[in-house]
Amino acid sequence: MTQLKAAKEGKITPEMKKVALDEQIDVKELRQLIADGKVVIPKNINRTFDVRAIGKKMKTKVNANIGTSGDCPFLDIELEKLDAAIKAGADSVMDLSTGGDLNAIRRAIEEKCTVMLGTVPIYAVAAELAMRDMTTDHISEEVLLRNIENQCREGVDYITVHCGITKESVARMDNADRTCGIVSRGGSILANWIRKNGKENPLFEYYDDLLDIAFKYDVTLSLGDGFRPGAITDATDRPQISELMILGELAKRAYERDVQVMIEGPGHVPLSQIVTNMQLQKRLCNDAPFYILGPIPTDIAPGYDHITSAIGGAIAGAAGADFLCYVTPAEHLCLPDAKDVHEGVIATRIAGHIADIEKGIPGAWERNVEMATARKELNWERQFELSIDPDTARSKFRHNKEFDSCTMCGKLCAVKIDEGR
Ligand code: SF4
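So, how was this worked out
- Residues numbered from 1 in each chain as written.
- Predicted model: local features only at pLDDT ≥ 70, side-chain atom pairs only at ≥ 80, totals over all residues.
- Heavy atoms only, no water.
- Disulfide = S-S within 2.5 Å.
- Buried < 20%, exposed > 50% of the residue type's maximum accessible area, 1.4 Å probe, protein only.
- Domains from an automatic or database assignment.
- Contact = heavy atoms within 4.5 Å.
- Buried area = accessible area lost by both parts, 1.4 Å probe.
- Salt bridge = Lys/Arg side-chain N within 4 Å of Asp/Glu carboxyl O.
- Polar contact = N/O pair within 3.5 Å; in protein donor to acceptor, adjacent residues only side chain to side chain.
- Nonpolar A, V, L, I, M, F, W, Y, C, P; charged D, E, K, R; others polar.
- 1 Å grid on protein atoms, 1.4 Å probe; cavity = no way out; pocket = protein on both sides within 12 Å on 5 of 7 lines; lining within 4 Å.
- Points joined across faces, edges and corners; volume = space filled by probe spheres on them.
- Helix = DSSP H or I, 4+ residues; strand = E, 2+ residues; numbered from the N terminus.
- Near = heavy atom within 4 Å.
- Pairing = 2+ DSSP bridges.
- Axes fitted to C-alpha atoms, helices over the stretch in contact; angles between N-to-C directions.
- Parallel < 35°, antiparallel > 145°, perpendicular 65-115°, else oblique.
- Left-handed = near helix turned anticlockwise from the far one by under 90°.
- Phe/Tyr/Trp six-rings, centres within 6.5 Å; stacked < 30°, edge-to-face > 60°.
- Lys NZ or Arg CZ within 6 Å of the ring centre and 35° of its normal.

A. Representation of the state of the cysteines within the structure. Taken as a whole, this structure holds zero disulfides when the rule is applied. Cys 325 provides the cysteine sulfur closest to Cys 180, a residue in no disulfide bond, and the two sulfurs are 18 Å apart. Note on Cys 180: relative accessible area 39%, which makes it partly exposed. With no disulfide partner, Cys 325 has as its closest neighbouring cysteine sulfur the one in Cys 113, 14 Å distant.

As structure tokens, then:
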């Protein structure tokens, strides 16, 4: 029984009750939003953890990507990053490991992960071939589906599957005049596989089998955007939008089979196109939850892409994006470390909170009022408590004890002067 099937049948699950309490929403309204495919609760039937919901009327959620690479295949570093992500307040973690013993790494992360866990199974299949010095052209359909089934059985809550890369959409991409081509790892692997093998994407061709697996374990499908723009000049072009249209059709098929589904989105997008992208996704995909990777509204800030992404994420979230994948200062440069993970999660949570104010999420506006009041009262401890990152706020604070101000203005503290103190 999936959360979607239960909701369609009018049943309220323990997970719905928990989410309704957290989100301050009537549980019947929540059930209806799930039944309509507008909200998902990614939770594998074989896992127990602190569940959260993604979608309409829900707080904007934040994902942190972690995982080894061939250059850095060390589990202990990834567990440190997992810890950093959860401490910083991530709602979800994706294990994108491509180096070392992938099954052992995923199991270890799953065991310690207290939030929802996602993966991109094709990474594991491609990485295993790479470890044997074989190219991704040799991916076998059977191995890919078996790997997906294994990961789902073992407990991942959602998987990114790039089902919208098809022979037709690859031909469209090959005729496009992109600056940056394909920048999604999964997208590039599958497009290349289609070109080399002349066959249809197995994730598209065997989509019904994929739905069977997802239904069995209530794994939410996150339909990946393999043709997301990797440069602002490539945003909202024909390959991106034609893939989105396919994803909308696949989302409908998943919904009809009672499989929870969300859609992934761009990418690098100039500011003026962000709202349009959110509206297009919601319109083409029947209001399915939208999981976005950025968007990054400028390409020229490597080292600071957690900031560019937070700017784009706040605007996208306010326009309806439901789930923000973080970007760290390491983006485009290297595998992030634990410090990058912390900064990425915090920056993305700021974006999510800004969006929540605009969405009218219960408690978002009120928290700002409380902060303003604490500032007016020079109530430092309360300010720290209300901060998105209390430890950083506390560590930066310098108290001018003589005037009970901070050292920014000291004796000339505007708050004190305003009160005639
Ligand atoms: S010293 Fe300046 S910055 Fe610090 S609390 Fe007073 S007005 Fe604000």
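B. Geometry of the domain arrangement of the protein chain. We note that the domain assignment places domain 1 (3–359) and domain 2 (364–418) within the protein chain. The distance between the C-alpha centroids of domain 1 and domain 2 comes to 37 Å. Between domain 1 and domain 2, the residue contacts involve seven residues of the former and six residues of the latter. Both faces considered, domain 1 and domain 2 share a buried interface measuring about 610 Å² in area, 67% of it formed by carbon and sulfur atoms. If you sort the residues of domain 1 by the area they bury against domain 2, Arg 349, His 353 and Ile 357 come out on top, with a joint share of 65%. At the boundary of domain 1 and domain 2, one finds zero salt bridges. Counting every contact that joins domain 1 to domain 2 gives three residue pairs in polar contact (both at pLDDT 80 or more). A per-class count over the side of domain 1 that touches domain 2 returns three nonpolar, two polar and two charged.

C. Focus on the layout of surface pockets. In this model, the largest pocket occupies a volume close to 910 Å³. Along its surface, the largest pocket is lined by 37 residues, and Asn 65, Leu 96, Arg 185, Arg 228 and Glu 331 are the ones closest to its centre. Those elements that provide at least two residues to the lining of the largest pocket are strand 3 (61–66) and strand 9 (290–293). Its boundaries defined by the atoms lining it, the second largest pocket holds a volume of some 480 Å³. Along the walls of the second largest pocket sit 25 residues, with Lys 59, Thr 60, Arg 349, Asp 356 and Arg 367 positioned nearest its centre. Of all elements in the fold, only helix 2 (14–23), strand 3, helix 15 (338–359) and helix 16 (364–376) reach the threshold of two or more residues within the lining of the second largest pocket.

D. Focus on the site of the ligand. For the ligand, the full set of nearby residues is Leu 378, Trp 380, Ser 405, Cys 406, Met 408, Cys 409, Gly 410, Cys 413 and Ala 414. The residue makeup of the shell around the ligand, split by class, is seven nonpolar, two polar and no charged.

E. Representation of the environment of Val 125. With respect to the helices and strands, the residue Val 125 is situated in helix 6 (residues 121–131). Owing to a relative accessible area of 4%, Val 125 belongs among the buried residues under this scheme. For Val 125 and Arg 146, which are 21 residues apart along the polypeptide, the C-alpha to C-alpha distance reads 9.9 Å. In this structure Val 125 touches Ile 139, Val 143, Leu 144 and Asn 147, once residues within four positions along its chain are discounted.

F. View of the pattern of salt bridges. Here the structure, examined in full by the defined rule, presents 32 salt bridges. The partner of Glu 385 in a salt bridge is Arg 382, with the nearest N and O atoms 2.8 Å apart. Pair noted here: Glu 385 and Arg 382 are both in helix 17 (residues 380–386), with a separation of three residues, about one helical turn. Taking the relative accessible area as the measure of exposure, Arg 382 reaches 28% and is therefore partly exposed. A cluster of three or more residues bridged by salt bridges with shared partners is formed by Lys 18, Asp 22, Asp 50, Arg 52 and Asp 91.

G. Up close: the sheet that holds strand 4 (residues 92–95). The eight strands lie next to each other as 3-4-5-6-7-8-9-10, forming a closed barrel whose pairing is parallel. Neighbour-to-neighbour, the strand axes of the sheet open up by a mean angle of 25°, direction not taken into account. Two elements, strand 3 and strand 4, share four bridges in a ladder whose sense is parallel. The partner of Ala 64 across the bridge, within strand 4, is Val 93. In this fold helix 11 (residues 207–217) packs onto strand 6 (158–161) and strand 7 (220–223), with an angle of close to 140° to the strand it touches most, strand 7.

H. Region of the structure containing the environment of Leu 250. Positionally, Leu 250 belongs in helix 12 (residues 238–256). Measuring from C-alpha to C-alpha, the distance between Leu 250 and Asp 208 comes to 10.0 Å, with 42 residues separating the pair along the chain.

I. Layout of the packing of helix 13 (residues 271–284) against helix 14 (residues 305–318). Packing of helix 13 against helix 14 brings their axes to within 9 Å, and their N-to-C directions diverge by 40°. With respect to helix 14, the element helix 13 is oriented oblique. The hand of the helix 13/helix 14 crossing is right-handed. In this structure, helix 13 contributes Leu 271, Ile 274, Val 275 and Met 278 to the contact, and helix 14 contributes Ile 311, Gly 312, Ile 315 and Ala 316.

J. How the structure looks around the packing of aromatic side chains. Applying the stated criterion across every chain, the model contains five aromatic pairs. Both rings, one in Tyr 158 and one in Phe 323, keep their centres 6.1 Å apart while their planes meet at 70°; by these two values the pair is edge-to-face. Of the two residues, Tyr 158 is situated in strand 6 and Phe 323 in strand 10 (residues 323–325); the sequence distance between them amounts to 165 residues. Here the two residues Tyr 158 and Phe 323 agree in accessibility, since each one is buried. Ring geometry for Tyr 291 against Phe 323: centres 4.1 Å apart, planes inclined by 20°, an arrangement best described as stacked. A residue pair is termed long-range when its members are at least 10 positions apart, and Tyr 291 in strand 9 and Phe 323 in strand 10 qualify at 32 residues. Accessibility expressed as a relative area gives 0% for Phe 323, which makes it buried. Linked through ring pairs, Tyr 158, Tyr 291 and Phe 323 together constitute an aromatic cluster. Geometry around Tyr 255 places Lys 8 over its ring, the cationic atom sitting 4.0 Å from the centre. For Arg 185, the ring lying beneath its charged end belongs to Tyr 123, and the centroid distance is 4.2 Å.

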